[in-house]
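In case you want the letters, here they are:
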2 protein chains.
Amino acid sequence: MIAAIDLGGTRTKYGLVDDGKVVASSTCPSDARGSLERHLDEVVAHLRIMCVELQITLESCEGLGVLCTGLVDNRAMKVLSTNGKYDDAVDFHFSEWARERTGLPLRMDNDARGALLGEWRYGAGRGVDDLMMVVFGTGIGTAVLIDGKPLTGSHFSGGILGGHILVNSGGRQCTCGAVGCLESEASGWVLPELIRSHALYLESSMQGLDVDTIGFQELLAHAASGDACACAVQEHCFRMWGEALVSFIHLYDPQRIVVGGGLMNSPELVLASFRKTVAKFIWGDLDQVDLVAAQHPNDSGLIGAAALFYLK
Amino acid sequence: MIAAIDLGGTRTKYGLVDDGKVVASSTCPSDARGSLERHLDEVVAHLRIMCVELQITLESCEGLGVLCTGLVDNRAMKVLSTNGKYDDAVDFHFSEWARERTGLPLRMDNDARGALLGEWRYGAGRGVDDLMMVVFGTGIGTAVLIDGKPLTGSHFSGGILGGHILVNSGGRQCTCGAVGCLESEASGWVLPELIRSHALYLESSMQGLDVDTIGFQELLAHAASGDACACAVQEHCFRMWGEALVSFIHLYDPQRIVVGGGLMNSPELVLASFRKTVAKFIWGDLDQVDLVAAQHPNDSGLIGAAALFYLK
């Protein structure tokens, strides 16, 4: 059994994972503007209660796996940069904290890299050693496995900044400091702005909604009901994402890409669109690349955090 | 001594390389619309004459290294696709041909991947195991070394299609079939079109030239002399290329990028522009990435073809 924590931007998932199966899990708000240490202490308290309910102790687990957004040094077990979340995460001594509070060995990594490992070992990526994971959520997370090893690069950012390829020179300002990133052109966090700034918004049925909190599911539902603004924004996003997949295939040459995140509540619609763009724009025979939905869209973080303990 | 052949789109270089030093070299026109087999036979005849001048025999060499554009299966020693060059290259049995004609063992790879290996072993990439090479010539060639191993991916295209990341949705038609590729937005082959279609071309001193054959050096020279059209096209290209380097750093996280190709006759001007764009747009601390000029801009192909024999 592994105790697993997936520190998200808006909520934290935690749970207990046994051989790739989530035995128990729950969530709590992230409070990413607060103190990470206090938040982690709270999560461990929740995990202890969860253990009591399962009639085990936290100390009997094999280890504690933690995923978080941003750049993570998965050797020194440190967060290197968070893009504005949990200011005290950088230089926080995760291993020391885990040892003091739980006595457990700790492994940690970036959340998308963890999700990739979870899908590779227990999900839609099984048996494929050149694998990519793309998670379309509030932001766009990516991770890459090359020849059975997670790409980390020389500053631990290898493979995980796919949301920040520059796709539109002079385009929208991104949270990362660049302009025209994939994320700032089409992602969950820019969706309200894409909708509001669209010429057709004035005639859209989405005007009645709180656009600031609109997600892909609402957008896709409005598009399905024929709303012209929703259709146009959906088409824009699908095109940008499909073209990004073409770039990723050209750059990494994976055998399979696992697509996850909130967008994948409508996997067939999304994958059909992506496959069409890839078939249209891909180099030569590279359209042999599999595009598949994540097998554990809701639990990939916890399964991935646990999978860190099975990496050589 | 290694006999080396670098099959380019417009001319073929060939020569003899000893421990990373080009002992003798020459070039001949490529005739990429003709037969590859006939062309290779001619090149071998030239190499034999070169050997006579050095008082050695071709058969006394350790091997024959061949680089070419397009996708190359560097295990089966076959060309997989050429993007319109040498129609008979695909399925041509290079190893058999080399054994029959020269008796030498053959190694082959994509030209940019070879150049990367040459710079890694004998040039500006020495001592760095997370390395990228970007060659700005007629097209844009890229290659990537990860943890001391060339990235090949699952279809031998890993790392070499960096010229075909999609940077401008709905942009210019590329030779590869996509639209808005880095190469079709800014590269040697699209340069005449970029110049001719620019609004300032009508007032440009470049009107007196044969624009179809204009290269980066002429463009940079006209820009340096204050020609407004040349300045604008140079600025456009530099910006697109600098932004592509940001994407490459975000995706591969190399420690160093070696920049080569015809563009690098003015290395300081080019690198200063690239460094500025990278510093502006890069994620967090990743501007620690070295951007350096290739050490063997003219011989990287031959040195690289020879370096194939030193790869584990």
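Residues numbered from 1 in each chain as written. Chains lettered and ligands numbered in written order. Predicted model: local features only at pLDDT ≥ 70, side-chain atom pairs only at ≥ 80, totals over all residues. Heavy atoms only, no water.

Trainee: Kindly report on the overall build of chain A, identifying the contributing residues and their values.
Mentor: Tallying secondary structure elements over chain A gives 9 helices and 12 strands in all. For 312 residues, the compact-globule formula gives about 20 Å, and the C-alpha radius of gyration of chain A, at 20 Å, lands near that figure. Burial status across chain A gives 59% buried among its 312 residues. If you take every contact in chain A between residues at least 6 apart in sequence, the share linking residues at least 24 apart comes to 62%. (Helix = DSSP H or I, 4+ residues; strand = E, 2+ residues; numbered from the N terminus. Rg over C-alpha atoms; globule rule 2.2 N^0.38 Å. Buried < 20%, exposed > 50% of the residue type's maximum accessible area, 1.4 Å probe, protein only. Contact = heavy atoms within 4.5 Å.)

Trainee: Describe the relation of the copies chain A and chain B, listing the residues and the values that go with them.
Mentor: Relating the two copies of this chain is a rotation about some axis coupled with a shift parallel to it. The transformation that overlays chain A on chain B combines an axial shift of 0.0 Å with a rotation of 180°, and the residual RMSD is 0.0 Å. Each copy turns onto its partner about a two-fold axis. Considering only C-alpha atoms, the part of chain A nearest the rotation axis is A:V167, at 2.2 Å. Both copies present the same face, since 100% of the interface residues in chain A are matched by interface residues at the equivalent positions in chain B. (Least-squares fit on C-alpha atoms with pLDDT ≥ 70 in both.)

Trainee: I'd like a rundown of the sheet that holds strand β4 (residues 63-68) of chain B, residues and numbers included.
Mentor: All names here are of chain B. Pairing is mixed across the open sheet formed by 5 strands, whose spatial order is β3-β2-β1-β4-β7. Taken across any chain shown, the strands that pair with only one partner, and hence form the sheet edges, are β3 (21-29) and β7 (106-110). In this sheet, adjacent strand axes meet at a mean angle of 15° when their direction is disregarded. Note: β4 against β7, 5 bridges, orientation parallel. Within β7, the position partnered with L64 by the bridge is L106. Strands in contact with helix α1 (residues 36-53) are β1 (2-7), β2 (11-18), β3 and β4; relative to β2, the strand with the most contacts, it is inclined by about 40°. Its contacts with the sheet put helix α3 (residues 111-122) on β1, β4 and β7, and the angle it makes with β7 is roughly 105°. (Pairing = 2+ DSSP bridges. Axes fitted to C-alpha atoms, helices over the stretch in contact; angles between N-to-C directions.)

Trainee: Before we move on, could you go through the side chain of A:S30 and cite the residues and values that matter?
Mentor: All names here are of chain A. Within the secondary structure, S30 sits in the loop between β3 (21-29) and α1 (36-53). On the accessibility criterion, S30 (0% relative accessible area) is buried. Engagement of the side chain of S30 in a polar contact is seen with the backbone oxygen of G8, the distance being 2.8 Å. If sequence neighbours within four positions are ignored, S30 has contacts with G8, G9, T10, R11, T12, H39 and Y86. (Polar contact = N/O pair within 3.5 Å; in protein donor to acceptor, adjacent residues only side chain to side chain.)

Trainee: Could you give an account of the pattern of salt bridges, with specific residues and numbers?
Mentor: Per the stated rule, a full pass over the model turns up 20 salt bridges over all chains. When the shortest N-O distance is used, the salt bridge between A:E59 and A:R48 registers 3.0 Å. On the criterion of sequence distance, the pair formed by A:E59 in the loop between α1 and β4 (63-68) and A:R48 in helix α1 is long-range, its members being 11 residues apart. The class of A:E59 is partly exposed, set by a relative accessible area of 43%. Measuring nitrogen to oxygen at the nearest pair gives 3.6 Å for the salt bridge that ties B:K13 to B:D299. Of the two residues, B:K13 sits in strand β2 while B:D299 sits in the loop between β12 (290-293) and α9 (300-307), which places them 286 residues apart along the sequence. (Salt bridge = Lys/Arg side-chain N within 4 Å of Asp/Glu carboxyl O.)

Trainee: Describe the interface of chain A and chain B, naming the residues involved and giving the relevant values.
Mentor: Listed per partner, the contact involves 46 residues of chain A and 46 residues of chain B. Summed over both sides, the interface of chain A with chain B buries roughly 3800 Å², with 58% coming from carbon and sulfur. On the chain A side of the interface with chain B, the three residues burying the most area are A:L166, A:L251 and A:W283, jointly 21% of the side's total. Where chain A touches chain B, the interface holds 2 salt bridges. Its salt-bridge partner being A:D147, residue B:K149 comes within 3.3 Å of it at the nearest N-O pair. At the boundary of chain A and chain B, one finds 32 residue pairs in polar contact (both at pLDDT 80 or more). Of all elements in the fold, only α7 (228-252) and α8 (267-281) of chain A reach the threshold of two or more residues within the side of chain A that touches chain B. At 9 residues, the largest contribution of residues to the side of chain A that touches chain B is made by α7(A). Taken together, the residues that form the side of chain A that touches chain B break down as 21 nonpolar, 18 polar and 7 charged. (Buried area = accessible area lost by both parts, 1.4 Å probe. Nonpolar A, V, L, I, M, F, W, Y, C, P; charged D, E, K, R; others polar.)

Trainee: Can you break down the domain arrangement of chain A residue by residue, with the values?
Mentor: Residue and element names in this part refer to chain A. The domains assigned to chain A are domain 1 (2-116 + 299-310) and domain 2 (126-293). Here the C-alpha centre of domain 2 lies 26 Å away from the C-alpha centre of domain 1. Taken residue by residue, the interface counts 13 residues in domain 1 and 19 residues in domain 2. Summed over both partners, the interface of domain 1 with domain 2 comes to about 1200 Å²; 67% of that surface belongs to carbon and sulfur atoms. A per-residue breakdown of the area domain 1 buries against domain 2 is headed by L71, R113 and L116, which together make up 50% of the total. (Domains from an automatic or database assignment.)

Trainee: Now, about helix α7 (residues 228-252) of chain B: what can you tell me, with residues and values included?
Mentor: All names here are of chain B. The terminal C-alpha atoms of α7, which comprises 25 residues, lie 36 Å apart, in line with the 36 Å expected from a rise of 1.5 Å per residue. The residue sitting at the N-terminus of α7 and contributing the capping side-chain oxygen is D227; that oxygen lies 3.3 Å from the backbone nitrogen of C229. One or two steps after α7, the chain reaches D253, where phi turns positive at roughly 55°. (Expected span 1.5 Å × (residues − 1).)

Trainee: Break down the environment of B:S157 for me, citing the residues and quoting the values.
Mentor: Residues and elements named next belong to chain B. Relative to the assigned elements, S157 resides in the loop between β10 (149-150) and α4 (182-185). Classification of S157 as buried rests on a relative accessible area of 0%. Residues S157 and H39, 118 residues apart in the sequence, show an inter-C-alpha distance of 25 Å.

Trainee: Outline the sheet that holds strand β8 (residues 131-136) of chain B, listing residues and values.
Mentor: Strand pairing in a sheet relies on backbone hydrogen bonds. The paired strands run either parallel or antiparallel. All names here are of chain B. Strand order in the open sheet made by the 5 strands is β10-β9-β8-β11-β12, with mixed pairing throughout. The open sheet has two edge strands, β10 and β12, and neither has a second partner. For β8 and strand β11 (residues 256-260), the ladder comprises 5 bridges, and the chain directions are parallel. From the neighbouring strand, M132 faces β11, where its bridge partner is I257. Here α7 sits on the sheet in contact with β8, β9 (140-146), β11 and β12, set at roughly 155° to β8.

Trainee: Tell me about the packing of α3(B) against α9(B), residues and numbers included.
Mentor: Residue and element names in this part refer to chain B. The contact between α3 and α9 brings their axes to 7 Å, and the two run at 80°. What the angle tells us is that α3 and α9 run roughly perpendicular. Contacts between α3 and α9 involve G114, A115, L117, G118, E119 and Y122 on the former and, on the latter, S300, I303, G304 and A307. Broken down by class, the residue content of the contact of α3 with α9 amounts to 5 nonpolar, 4 polar and 1 charged. (Parallel < 35°, antiparallel > 145°, perpendicular 65-115°, else oblique.)

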